[in-house]
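# Geometric and topological summary
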Amino acid sequence: MGSKLEIVQDVINAFEVNKESMLRTAMLFKETMEKSLNGEKTCLKMLPSYIGKPTGKEQGTFMTIDMGGTNFRCTKYKINNGNFEKVGEIKQKLINKEKNYDLTKSDSDEKQLFGFMAECIGELLEPEESLYLGNTFSFPCRQEGINDAYLIQWTKEITTSGVVGQNINKLLEQSLKEKNINVKPVAILNDTVGTLLVAMYSYQTADIGSIMGTGHNTCYLENNHPLNGQKMIVNIESGNYNVGLPVTKYDEIIDKNSQIPGAQLLEKMVSGYYMGSLLKEVCKDLYKNNALFTNEDVDIDAFFNQNFNALMVENFILYPSNTKEQYKCSIEDAEIVKRVSEAILKRTVRLVAVSHMGILFHQENSGTSVNNEHVIAIDGTIYEKMPNAPQLMKEAFREALGDDASNIEIRLVKDGSGLGAAIAAAFAVTQ
Ligand code: BGC
């Protein structure tokens, strides 16, 4: 066993993704996408959205809902000549400890979950009003039409009973009917698809939409979709990618302790939901090997007995002196926690960039060159809030692709899951 610093360095090295590894994995990602498009079963579901490029002529007032994880949002939008106006919004938590409910776990069922959603929709609807609804439902769904999506499997550790296998908008429609609410679901889409739809309104060359938040996933515009020979947005469900990834022993622990071991491997390596737990596992290991928190005063219990989340990772990076104060550790220890946090964040960004490169290689079809301009739209707190995330992403593209990286623009695109659902609903009723 090496010195304290060597042990720390080894761990940090295990999180490194260099140029060769980025390009190799991106090529594997591309190959996996293409196998899946050709009908082979792979880890990439490549789910059709039945939505192409919006025309820009979408019009009207639409109700939207958005269940991304434990938060639920119901928003009304007016779309007119390419302008969007939010005309009302209700935000709710699906977990309420005071009121003693948790709609995200298996002792709640589909009736309770969709009944709750219908009630929120009812609250936002004016008397005498009747509206079409777009539903952003950010979980893997087998989609058979723009309004027909069947939940394949919950992700982000949600386990509500009676929903897997069901037609989501049918469940919603039933609950709305039971409560006499005059709203008709007409479209269902993934949050990545919503993000790309919104981006397409602003950027001519937007063709990739991605979420880096509690969960992770990406969609892209397929120019010649096997189903209709036309342009269609494909929800890759890239969070489930698992070929050639640089999996560490810490990732293995996270996977083993999760609701569905073996599933959503890339997501478990990069998304906000798991990032804190990953850091905790690394710190536990360093502590066990006497490479962290070696002085006696450290408040070990306070450090390890808390729920690690992505916000903590951010704080460890930004404020090592707070870490020192809070846990009574040395500044060296706080710096180690900071370095590990940075290494985890950097790997997150690089692995997401790798999947984007795989998509670009597929779209361009010329090896590892990217000759055309692309805008990649990203939403989610990891990209938006984590220190330097956009910079790290740019660096990854530049390192892997050299000058071709200048053909790629990455944009933070907000509210895809709200506005995108309104655009999808408009698309559905004006087709
Ligand atoms: C889901 C995706 C979703 C992503 C981001 C993942 O857990 O499987 O459908 O797009 O989270 O919300």
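Residues numbered from 1 in each chain as written. Predicted model: local features only at pLDDT ≥ 70, side-chain atom pairs only at ≥ 80, totals over all residues. Heavy atoms only, no water.

Rule in force here: UniProt positions are given in the numbering used here, feature names are shortened, and annotations may be inferred rather than shown by experiment.
Under an unreviewed UniProt entry, the name given to the protein is Hexokinase, and the organism recorded is Ruminiclostridium cellulolyticum. Regarding the protein, the UniProt comment filed under Sequence similarities (unreviewed entry) reads as follows: "Belongs to the hexokinase family."

### Some thoughts on the overall build of the protein
Cut-off, in case you're wondering: Helix and strand assignments come from DSSP, with helices taken as H or I runs of at least 4 residues and strands as E runs of at least 2, each series counted from the N terminus. To get the radius of gyration, use the C-alpha atoms; to get the globule rule, take the number of residues to the power 0.38 and multiply by 2.2 Å. Burial here depends on accessible area, computed with a 1.4 Å probe over protein chains only, as a share of the maximum for the residue type. Under 20% is buried, over 50% is exposed, and the range in between is partly exposed. The Shrake-Rupley method, run with a 1.4 Å probe sphere, supplies the accessible areas, and residue values consider only the shown protein chains as cover. Neither His nor the chain ends is counted toward charge; the positive residues are Lys and Arg and the negative residues Asp and Glu. To locate a charge, take NZ of a lysine, CZ of an arginine, CG of an aspartate or CD of a glutamate.
Within the protein one finds 15 helices and 15 strands. Its C-alpha atoms give the protein a radius of gyration of 22 Å, near enough to 22 Å, the size a compact globule of 431 residues would have. Each principal axis of the C-alpha distribution contributes one length, and for the protein these read about 70 × 55 × 35 Å. Burial status across the protein gives 57% buried among its 431 residues. For the protein, the computed accessible surface area is about 18,400 Å², with 44% contributed by carbon and sulfur atoms. The positive charge centre, built from 44 side chains, and the negative charge centre, built from 56, are 1 Å apart in the protein.

### A closer look at the pairing of strand β13 (residues 232-235)
Short version of the rule: Strand pairing is defined by DSSP finding a minimum of two bridges between the two strands.
Side chains Met232 and Val234 of β13 all project onto a buried face; the interleaved residues Ile233 and Asn235 project onto the opposite face, where all are buried too. When strand β1 (residues 47-48) meets β13, the two strands line up antiparallel, connected through two bridges. What sits directly across from Leu47, in β13, is Asn235. In this sheet, β13 lies alongside strand β12 (residues 216-222) in antiparallel orientation, the contact comprising four bridges. Bridging from a neighbouring strand, Tyr220 pairs with Val234 of β13.

### Here's the deal with the pattern of salt bridges
Heads up, the condition is: We define a salt bridge as a contact between a side-chain nitrogen of Lys or Arg and a carboxyl oxygen of Asp or Glu at a distance within 4 Å.
On inspection of all chains with the given rule, the structure shows 20 salt bridges. Each of Asp66, Arg73, Lys86, Glu89 and Asp415 takes part in a single network of salt bridges with overlapping partners.

### As for helix α10 (residues 310-318)
As a reminder of what qualifies: Contacts between residues were defined by any pair of non-hydrogen atoms, one from each residue, lying within 4.5 Å. Polar contacts, as counted here, are pairs of nitrogen or oxygen atoms within 3.5 Å of one another; within protein the pair requires one atom able to donate a hydrogen and one able to accept it, and residues that are adjacent in sequence qualify only if both atoms are side-chain atoms.
Of the positions making up α10, those classed as buried are Ala310, Met312, Val313, Glu314, Phe316 and Ile317. In this structure, the buried side of α10 is in contact with α8 (272-288), α9 (300-304), α11 (320-327), α12 (331-364) and α13 (381-385). Capping of α10 at its N-terminal end is provided by Asn309; its side-chain oxygen lies 3.2 Å from the backbone amide nitrogen of Leu311.

### Remarks on the packing of α11 against α12
Definition in use: Comment: axis = line fitted to C-alpha atoms, over the contacting stretch for helices; angle = value between 0 and 180 degrees taken between N-to-C directions. Angle categories are assigned with fixed cut-offs, so that under 35 degrees is roughly parallel, over 145 is roughly antiparallel, 65 to 115 is roughly perpendicular, and the rest are oblique. Left-handed is the label given to a crossing in which the near helix is rotated counterclockwise from the far helix by less than a right angle, and right-handed is the label when the rotation is clockwise.
Remark: α11 packs on α12, axes separated minimally by 8 Å, with the N-to-C direction vectors making an angle of 125°. Viewed along their axes, α11 and α12 adopt a mutual orientation that is oblique. Crossing geometry of α11 relative to α12 is assigned as right-handed. Between α11 and α12, the contacting residues are Pro320, Ser321, Thr323 and Lys324 on the first element and Ile331, Ala334, Glu335 and Lys338 on the second.

### Things to note about the domain arrangement of the protein
Here is the rule we go by: Here the limits of each domain have been adopted from an automatic or database domain assignment. Here the buried area means the combined drop in accessible surface, using a 1.4 Å probe, for two parts upon being joined, counting both sides.
Split into domains, the protein comes out as domain 1 (4-44 + 205-412) and domain 2 (60-189 + 415-424). One C-alpha centre belongs to domain 1, the other to domain 2; they are set 28 Å apart. Counting residues at the interface gives 12 residues for domain 1, matched by 10 residues for domain 2. The contact between domain 1 and domain 2 buries some 840 Å² in all, and 52% of this surface belongs to carbon and sulfur atoms.

### What to know about the UniProt feature "domain: Hexokinase C-terminal" (unreviewed entry) in the protein
Under the local residue numbering, the UniProt record ascribes the feature "domain: Hexokinase C-terminal" (unreviewed entry) to residues 208-426. Split by type, residues 208-426 is 53% helix and 12% strand. Its first and last C-alpha atoms lie 21 Å apart.

### With respect to the sheet that holds strand β2 (residues 60-67)
What the five strands build is an open sheet, ordered β4-β3-β2-β7-β10; its pairing is mixed. Two strands lie at the open edges of the sheet, namely β4 (83-93) and β10 (183-189), each paired on one side alone. Averaged over all neighbouring strand pairs, the angle between strand axes comes to 25°, with direction disregarded. Where strand β3 (residues 71-80) and β4 come together, 10 bridges link them in antiparallel fashion. Bridging from a neighbouring strand, Asn80 pairs with Asn83 of β4. Each of β2, β7 (131-137) and β10 is contacted by helix α4 (residues 168-178), which is oriented at about 160° to β10, the strand it contacts most.

### Observations concerning the site of the ligand
Condition: What makes a residue near a molecule or strand is one non-hydrogen atom of that residue sitting within 4 Å of it. Only Asp, Glu, Lys and Arg are considered charged, only Ala, Val, Leu, Ile, Met, Phe, Trp, Tyr, Cys and Pro nonpolar, and every remaining residue, Gly among them, polar.
The environment of the ligand is formed by 15 residues, the closest being Thr155, Asn190, Asp191, Glu237 and Glu267. For the ligand, an oxygen atom lies 2.7 Å from a polar atom in the side chain of Thr155. Side-chain polar atom of Asn217 to an oxygen atom of the ligand: 3.1 Å apart, as the coordinates give it. Coverage of the ligand by the protein amounts to 98% of the 310 Å² it exposes when considered alone. Of all the secondary-structure elements, those providing two or more residues to the shell around the ligand are α5 (191-202) and β12. Looking at side-chain class alone, the shell around the ligand contains three nonpolar, eight polar and four charged residues.

### Quick look at the packing of helix α1 (residues 4-14) against α12
Orientation of α1 relative to α12, taken along the N-to-C sense of each, is 20°, at an axis distance of 10 Å. Relative to α12, the element α1 lies roughly parallel. In this structure, the crossing between α1 and α12 has a hand that is right-handed. In this structure, α1 uses Lys4, Val8, Gln9 and Ile12 to contact α12, whose residues at the interface are Asp333, Ile336, Arg339, Val340 and Ala343. Each residue belonging to the contact of α1 with α12 can be placed in one class, and the counts come to five nonpolar, one polar and three charged.

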